[in-house]
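Single-letter residue listing:
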Amino acid sequence: MNICALTMAHKDHWALSQWYRHYSRQLGAENLYVVSHGADPQVQEICPGVSVLTIPRDRLQGFDHWRGRMLNGFQQGLLELYDWVIRTDADELICVDPGRWGSLGQMMRAQEAPALFALGFNMFDFPPTDPVARGQSVFARRRDAVFTGHYSKAWAVRRPIGLRRHGLQLRPGRLAEFPFVMPRGVYLAHLKFADATALAEMTTVRHEVGNSKGPGTPGKAWQQASTEAKGKVADARAMPLLNWEAAEEQAWTELQSPVRDSATSVLRSKSLRFGHRTQLPDWFASL
């Protein structure tokens, strides 16, 4: 079975290095595709052997919409060559529990659904420690996590189905009965808050973009990127600790009834917030 991974990046070099390390080990660098939003020679340096497509960064107006359409088009084209296309942001890694699955590829070979969701969690750097260097696994250095419905996203397709709003864009007639499949033991690790140094660097980038002049710039969350990031980290750190088994069971169970949004014809996970933090089990450190 042929599997590839696709992402898009702008300056998030630390996250991209984690994305490359993670997926090249499992799929081979030759099966990885990076869309670089703006010319950036560091992308190829960070990701040797991948296919890099550079697109111009001269228009942000309507960014989320045209970005989604463009990536859906690339994704559909790759399905002419691959059985499955994995598509995540550069700071999102799909991980499988070795107690349930031998590998990411083995898990995907076992699936009959046309698309897959994963149970998502945010990772945190409590308290801020030394940066995770390129080539090192973030999972060997960070343990704190909070499950989140918002990042329990659709992440892989084997049919020409678009991704939208963290879910699947479906024809209206298919929405009610389309299978919502979130295999047990499959996780989406969101790394935005996992390294304090990288977070500070990207917070500066987001603040600059959010407060730049011209149409189409991001909204309030980017304009106040530092305040937003500090609040998220503080809220998570204040949460009571719950062991992984209990936290995982609660989150997975409560997310098995998805949102079928008839207004947008999107199938997605509920955007639930969970009130506990947890710690990753030891097997993550081997990824």
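Everything that follows concerns the structure shown earlier in this document.
Being a predicted model, the structure only gives us computed values, none of them experimental.

A.B. asks: Explain the overall build of the protein here, please?
C.D. replies: Scanning the protein from terminus to terminus reveals nine helices and 15 strands. Rg of the C-alpha trace for the protein: 18 Å, near the compact-globule value of 19 Å for 287 residues, within the 12% margin. Considered along the principal axes of its C-alpha atoms, the protein spans approximately 45 × 40 × 40 Å. Scored against the burial criterion, the 287 residues of the protein give a buried share of 53%.

A.B. asks: How should I be thinking about helix α9 (residues 244-254) in this particular structure?
C.D. replies: Residues of α9 that are buried: Trp244, Ala247, Glu248 and Ala251. The buried residues of α9 occupy one face: seen down the axis, they fall within an arc of 95°. Against the buried residues of α9 lie β7 (119-124), β8 (144-147), β12 (186-190) and β15 (278-279). Regarding α9, its N-cap is Asn243, as a side-chain oxygen of that residue lies 3.2 Å from the backbone nitrogen of Glu245 further along.

A.B. asks: Explain the sheet that holds strand β3 (residues 51-55) here, please?
C.D. replies: Hydrogen bonds between backbone atoms are what pair the strands of a sheet, whose relative direction is either parallel or antiparallel. The six strands lie next to each other as β3-β2-β1-β4-β9-β6, forming an open sheet whose pairing is mixed. Only two strands of the sheet have a single partner each, and these edge strands are β3 and β6 (115-117). Geometrically, the sheet is characterised by an average inter-axis angle of 20° between neighbouring strands, direction not taken into account. Strands in contact with helix α1 (residues 13-27) are β1 (3-9), β2 (32-37) and β4 (84-87); relative to β1, the strand with the most contacts, it is inclined by about 170°.

A.B. asks: Explanation requested: the packing of aromatic side chains in the structure shown.
C.D. replies: Given two aromatic rings, one states the distance between the centres and the angle between the planes to describe the pair. One pass over the full model with this rule turns up 16 aromatic pairs. Aromatic pair Tyr33 and Tyr82: ring centres 6.1 Å apart, planes at 80°, arrangement edge-to-face. Taken as a pair, Tyr33 in strand β2 and Tyr82 in the loop between α3 (63-78) and β4 lie far apart in primary sequence, 49 residues in all. Summarising the burial analysis for this pair, Tyr33 and Tyr82 share the class buried. Through pairs of rings, three or more aromatic residues link up here, namely Phe121, Phe139, Phe147, Tyr187, Trp244, Trp283 and Phe284.

A.B. asks: Got a minute to help me understand the pattern of salt bridges in this structure?
C.D. replies: For side chains bearing opposite charge, pairing can occur when the charged atoms are close. Within the structure shown, the criterion is met by eleven salt bridges. Residues Glu248 and Arg184 are paired through a salt bridge, measuring 2.8 Å at the closest nitrogen-oxygen approach. Residue Glu248 is located in helix α9, and its partner Arg184 is located in the loop between α5 (172-175) and β12; the two are separated by 64 residues in the primary sequence. When salt bridges with common partners are traced through the structure, they connect Arg67, Asp89, Glu92 and Lys153 into a single cluster.

A.B. asks: How do you make sense of the side chain of Asn122 when you look at a structure like this?
C.D. replies: Along the polypeptide, Asn122 turns up in strand β7. Overall, the relative accessible area of 12% leaves Asn122 in the buried class. If near-sequence neighbours (up to four positions away) are discounted, Asn122 is found in contact with Asp144, Ala145, Val146, Thr148, Tyr151, His190 and Phe193.

A.B. asks: Help me out: how do you make sense of the nonpolar core in this one?
C.D. replies: Side chains that are nonpolar tend, in soluble globular proteins, to be buried together. The biggest cluster of nonpolar side chains holds 84 residues, and the ones touching the most others in it are Tyr23, Ile86, Phe121, Phe139, Trp155, Leu168 and Phe284. Broken down by element, the residue count for this core peaks at seven residues, all from α1. Every residue in contact with Leu168, bar those within four places of it in the chain, is listed here: Ala115, Phe117, Ala154, Val157, Ile161, Gly162, Leu163, Phe178, Ser265, Val266 and Leu267. Counting seven residues, the second largest nonpolar core, distinct from the first, contains Phe126, Val146, Phe193 and Leu199.

A.B. asks: Honestly, α1 in this entry has me stumped. Any pointers?
C.D. replies: Along an α-helix, residues three or four positions apart point the same way, because every turn accommodates 3.6 residues. Taking 1.5 Å of rise per residue, the 15 residues of α1 would be expected to cover 21 Å, and the 20 Å separating its terminal C-alpha atoms lies within 8% of that figure. Note on α1: the residue one or two positions beyond its end, Gly28, has a positive phi of about 90°.

A.B. asks: I keep staring at the sheet that holds β7 and nothing clicks. Help me out?
C.D. replies: One open sheet holds the five strands; their spatial order is β5-β12-β7-β8-β15, and the pairing between them is mixed. Across the chains shown, the open sheet's two edge strands, defined by having one partner strand only, are β5 (92-96) and β15. As judged from the two bridges shared by β8 and β15, these two strands associate in the antiparallel manner. Paired with Asp144 across the bridge in β15 is Gln279.

A.B. asks: Would you mind showing me how to read the pairing of strand β9 (residues 154-157) here?
C.D. replies: Side-chain positions along a regular strand alternate between the two faces of the sheet. Alignment of β4 against β9, held across two bridges, turns out to be antiparallel. Within the sheet, the bridge partner assigned to Val85 lies in β9 and is Val157. Where β6 and β9 come together, three bridges link them in antiparallel fashion. Its bridge partner lying in β9, Phe117 is registered against Ala154.

Rules used in this analysis
- Residues numbered from 1 in each chain as written.
- Predicted model: local features only at pLDDT ≥ 70, side-chain atom pairs only at ≥ 80, totals over all residues.
- Heavy atoms only, no water.
- Helix = DSSP H or I, 4+ residues; strand = E, 2+ residues; numbered from the N terminus.
- Rg over C-alpha atoms; globule rule 2.2 N^0.38 Å.
- Buried < 20%, exposed > 50% of the residue type's maximum accessible area, 1.4 Å probe, protein only.
- Arc of directions from axis to C-beta.
- Contact = heavy atoms within 4.5 Å.
- Polar contact = N/O pair within 3.5 Å; in protein donor to acceptor, adjacent residues only side chain to side chain.
- Pairing = 2+ DSSP bridges.
- Axes fitted to C-alpha atoms, helices over the stretch in contact; angles between N-to-C directions.
- Phe/Tyr/Trp six-rings, centres within 6.5 Å; stacked < 30°, edge-to-face > 60°.
- Salt bridge = Lys/Arg side-chain N within 4 Å of Asp/Glu carboxyl O.
- Core = buried A, V, L, I, M, F, W, Y, C linked by side-chain atoms within 4.5 Å.
- Expected span 1.5 Å × (residues − 1).

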